[in-house]
Amino acid sequence: MKKLGLTLFSFFLSFSFFAQQMGDFQNLKEEKNNTFHLKTSEADVKVEFCTSSIVRFRTSWNGDFRENEPYMVSNYNWDQVEVQQNETSEKLSFQTNQLNVEIHKSPFQIHIYDKKGNLLNADVVAKKESSKETFGATKKLQADEHFFGFGERMDVLDRRGKEVTLNVGRGLGKPHIIGAYNVLEANYAPVPFFMSTKGYGIFYHTSYPSTWDMGKSNAKFYTFSSEDKELDYYFIYGPNFPKILDGYTSITGKSPMLPKFAMGLHVGTYSGGTWGHEEETSANYPVALVEKFRQYQIPIDVLHLDSTWRMFGENGGSGATTFEWRETFHDTEKMFDSLYALNLNAVGLHVRPRFDNGKKLRLLDEAREAGYVYPEPNNSGEFVNFFDEDAVNWWWENCAMRVAEQGAMFFKTDEGSAFGRKANESNKTGPRGQKITSLHNVFPVAYAKAPYEKYQEYNKMRGMNHTREGYAGIQRYPFIWAGDWPSEWQYFEPVIKAGLNIGMSGVGYWSHNMGGFEHVADPELYIRWCQFGFFSPVSHLFGMEHPNYKEPWNYGEEAQRIFKQYDDLRYSLIPYIYSTAYENHQTGMPLMRALVLDYQDDSNVYEITDQYLFGESMMICPVTTKGAKTRTVYLPEGNWTNYWTGEQFEGKQYLNVLSPIEEMPIFIKGGAIIPSQEVVQYVGEKEIETITLDIYPDGNSSFSLYDDDGKSLDYQKGKYALTIIELNAEDDQVEVTIQPAEGKYKLDDRTYEIRLHGNYSAAKSNGKSLKIQQKEDVSTVSISTNSKKKSSINFSK
């Protein structure tokens, strides 16, 4: 095999010059595991059929292929795929029951077609020189082709005609308004994956920083490239976006089920003293804070103490973790006991990935001596070596267990981006070098993985880790928050965009700091941002402004009232949210869904950045303009009902709707079945005996209501219950069928209150008339059911 020589690099390779350097096809041999090994005059290429719709392409210019890594990809073992192989003088073809992969021999190029013969994706030979040695692929850009994904980006949704570099971190310029708060440079959780409206996705399996030119330089093709000398990418056929996401997360891993209480409200606190006010912190403040939530009957389940709980060390300051309580905290075990006595379900602590020495604990010195820091020259390393199992065990036993034994149940893992990059909270830069370049992006995944798994084992329940940075595979460990954006209107909609983009990148659980993070918020902004927050995958309230700290009573009576209104609404929707979380676990479909996920053929939705579906049926329309009394809403195809007024509308149109301060516009999709329950102050407060089903008749539809014990890992063994609720609506007749529960989890008999939206005068079940109540165009009946038997209710007008 001919190797690329130094002379070839005298002018440097560019990604768009890549296709010519593949040379010509020479020979083929079949390997095991659905893999074909092709040799060209310049390289070795492996084509692996993972499934009939997922193909992995790997190219090496030196004949060596890397071993499988565990951070980005979790599945390398695939079932046998039936592949038909043909060869002519000009090309090879490999056919599955969904795809036809054609390899053109001279020059070597890959073209992929669906079974109808439609071109999905094709290599392009294009000449363009670059000033940097990079490797990658050049692909044909088709007419009307649009691209979505790329991780937690805050700038745009549709990437056609744009360029982006994916490398974990944020802007470094000063002041922060042009650096850390630059939404164009925000890259806390990039993911080298996209979905095309032509029906396919590509996951570039590299940990190196990568550049994606999606038609910016040339409208006829797009490119992706990096310094990674092995080109490794997966082609994922849908053709619809949900199937592509399912395929991507079958490679990189599905999100686990969070504890059910994680569907409730999460609150962060600086314990009374943010930075510059550390002397005001105390163990009493978190307890008093939760007592106030309980006093005002504002439901809450989870609390975390942010960075000022700990002593800032002598080496890394606020950017490292001493695991030593600040001297202002007294009797912290009693604090944890008091918080759990207030019926919190979990309390956690904020950490950073560096060891440090405190006043009493010398963890950095001990870790260096034991060899558990990531190696740096002269034994100067500070980072926990999360890539080393022994180092992780030492960190857990000697550091994390100090607070876990007191009552901490999870960590908020911050600043994973500092490994190999300038730290956010200091002038330090982590390890450097070529190897670090390839580890920087996956360090946040390894960092989140360690406490997630360790706490899961220690707590003997599902893990829960709250992290800022991530990369491909981060959904397994298991949720991101969007970073610390100021409480200003200009950042509100970009945060929504971040949630939409990360959801289209395989991460179903995501949160943000409701009301913004820094600065005292405009009360109107606080209300609008919190309304959005309660319809986010994870509802997380946290701010650093002293002394308000985003606590609702500090923003006025109106803000407190509306905060409680939406918090109550979220808690009532927990059956809907938890069932949607199970769908995310099974399929990769996020809880917060950009409209293009469901309507990829409707070009009107490609740039809608301030609307989304929450689950499959609720259209959420945050108000992002100060002082707005109305807002424009786009309704896609179908029939829609205004949640607040009951007005009905046909889709494929724009509406101008009223948006008083207490009403964030919400529309319900026709055919929706939305389960809800009575409001509780915390998950587990009482047994839920009645489930309300709000049903919006429109043809045939169904909903899968999910139940399990809410905490254990038994759901992985099939110990859950799925109750399929079916709707059949024709003319003036509606039938609602509740199927017997499926699964190994014992589901108690329950009462269903069925709220059918529309005026129906009669209802029967098994031939017996049911009492029907009518109020404001809603017809309601109640029925007691046996979870092992089918129940049918027939409505007529």
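Nothing here was measured: the structure is a model prediction, and the numbers come from that model. For every chain, the first residue of its written sequence is number 1, and the numbers climb from 1 along that sequence. Reporting of local features is limited, given that this is a predicted model, to residues whose pLDDT is at least 70; pairs of side-chain atoms are given and counted only at 80 or more, and all residues count toward the totals for whole chains, interfaces and linings. Excluding hydrogens and water, the side-chain figures rest on all heavy atoms present in the structure.

1. A look at the overall build of the chain
For the purposes of this entry, the term helix denotes a DSSP run of H or I that reaches at least four residues, the term strand denotes a run of E that reaches at least two, and both are numbered from the N terminus. Scanning the chain from terminus to terminus reveals 12 helices and 44 strands. As defined in this context, the radius of gyration uses C-alpha atoms, and a globule is described by 2.2 Å times the residue total to the power 0.38. What you see for the chain is a C-alpha radius of gyration of 27 Å, in line with the 28 Å of a compact globule of 797 residues. Taken along the three principal axes of its C-alpha coordinates, the chain extends 80 × 70 × 50 Å. Three labels apply to residues, based on accessible area from a 1.4 Å probe with only protein chains included: buried if under 20% of the type maximum, exposed if over 50%, partly exposed otherwise in between. The buried share of the chain, reckoned over its 797 residues, is 64%. Here, residues are in contact when the closest pair of their heavy atoms is within 4.5 Å. Taking the intrachain contacts of the chain between residues at least 6 apart in sequence as the baseline, contacts between residues at least 24 apart amount to 68%. For the chain, the accessible area works out to roughly 29,600 Å², and carbon and sulfur atoms hold 44% of it. Positive charge is attributed to Lys and Arg, negative charge to Asp and Glu, and no charge count is given to His or to the chain ends. We put the charge of a Lys on NZ, of an Arg on CZ, of an Asp on CG and of a Glu on CD. Of the charged side chains in the chain, 83 are positive and 105 negative, and the gap between their average positions amounts to 2 Å. Note on areas: Shrake-Rupley, 1.4 Å probe, and residue coverage restricted to the protein chains presented here.

2. Things to note about the sheet that holds strand β7 (residues 99-104)
One open sheet holds the five strands; their spatial order is β5-β6-β7-β8-β9, and the pairing between them is antiparallel. Because the sheet does not close on itself, it has two edges, and the strands there are β5 (84-87) and β9 (119-122). Direction aside, neighbouring strands of the sheet carry axes that sit 15° apart on average. Whether two strands pair comes down to DSSP finding at least two bridges between them. Angular values range over 0 to 180 degrees, each being the angle between N-to-C directions of two axes fitted as lines to C-alpha atoms, with helices fitted over their stretch in contact.

3. So, empty space enclosed by the protein
Definitions used throughout: a 1 Å grid over protein atoms alone; a cavity as a set of points that fits a 1.4 Å probe which cannot get out; a pocket as an open set with protein on both sides within 12 Å along at least five of seven lines; a lining residue as one with an atom within 4 Å of a point. Grid points are joined across faces, edges and corners, and a volume is the space filled by probe spheres set on the points. Going through the model one piece at a time under the given rule, you end up with seven cavities of 30 Å³ or more. There is about 60 Å³ of room inside the second largest cavity. In this classification, Asp, Glu, Lys and Arg are treated as charged, Ala, Val, Leu, Ile, Met, Phe, Trp, Tyr, Cys and Pro as nonpolar, and every other residue, Gly included, as polar. When its residues are assigned to classes, the lining of the second largest cavity shows seven nonpolar, two polar and one charged.

4. Side note on the pairing of strand β39 (residues 750-757)
Sheet faces and side chains relate simply in a regular strand, where the side chains alternate between the two faces. With six bridges connecting them, strand β35 (residues 690-695) and β39 associate as parallel partners. Bridge pairing links T690 to T751 in β39. Two elements, β39 and strand β43 (residues 778-785), share eight bridges in a ladder whose sense is antiparallel. Paired with H757 across the two strands is V778, which belongs to β43.

5. Focus: the sheet that holds strand β25 (residues 539-541)
The strand order across the open sheet formed by eight strands is β24-β23-β22-β21-β20-β19-β18-β25, and the pairing between neighbours is parallel. Edge positions in the sheet fall to β24 (510-511) and β25, since each has one partner strand and no second. Direction of pairing for strand β18 (residues 265-269) relative to strand β19 (residues 302-305): parallel, over a ladder of four bridges. The residue bridging G268 from the neighbouring strand is H304, located in β19.

6. Here we look at the packing of aromatic side chains
In this analysis, rings of Phe, Tyr and Trp, with Trp reduced to its six-membered ring, are considered paired at centre separations within 6.5 Å, and the interplanar angle assigns stacked below 30 degrees, edge-to-face beyond 60, and tilted for intermediate values. Scanning the model with the defined rule gives 75 aromatic pairs in all. Ring centres of W325 and F336 lie 6.2 Å apart, and the angle between their planes is 75°; on these two criteria the pair is classed as edge-to-face. Here W325, found in the loop between β19 and α3 (332-341), pairs with F336, found in helix α3; they are 11 residues apart in sequence, far enough to count as distant. Ring geometry for F387 versus F443: centroids 5.9 Å apart, planes at 65°, classification edge-to-face. Residue F387 is located in the loop between α4 (363-370) and α5 (389-404), and its partner F443 is located in helix α7 (residues 443-459); the two are separated by 56 residues in the primary sequence. Sitting above the plane of the F150 ring, R159 keeps its charged end 6.0 Å from the centroid. Each ring is checked for a lysine NZ or an arginine CZ that lies within 6 Å of its centre and within 35 degrees of its normal; such an atom marks a charge sitting over the ring. Residue placement shows R326 over the ring face of F312; its charged tip is 4.8 Å from the ring centre.

7. A closer look at the nonpolar core
For soluble globular proteins, the rule of thumb is that nonpolar side chains tend to be buried together. Among the buried residues, those of types Ala, Val, Leu, Ile, Met, Phe, Trp, Tyr and Cys that are joined through side-chain atoms within 4.5 Å form a nonpolar core. Formed by 201 residues in total, the largest nonpolar core has its most connected members in W395 and F535. It is α5 that provides the largest number of residues to this core, a total of nine residues. Among residues more than four places away in sequence, those in contact with W395 are F323, F355, V384, F386, A400, F411, A450 and P451. Formed by 40 residues, the second largest nonpolar core is a distinct cluster that contains V55, W61, L99 and V101.

8. Comments concerning unusual backbone geometry
With an omega of -5°, the peptide bond between S106 and P107 qualifies as cis. Within the secondary structure, P107 sits in the loop between β7 and β8 (109-114). Of note in the backbone geometry, N378 takes a positive phi value of approximately 60° without being a glycine. Structurally, the position occupied by N378 is in the loop between α4 and α5. The residue K652 is not glycine, and still its phi comes out positive at about 60°. Among the structural elements, K652 can be located in the loop between β31 (648-650) and β32 (653-658). Judged by its relative accessible area of 52%, K652 is exposed.

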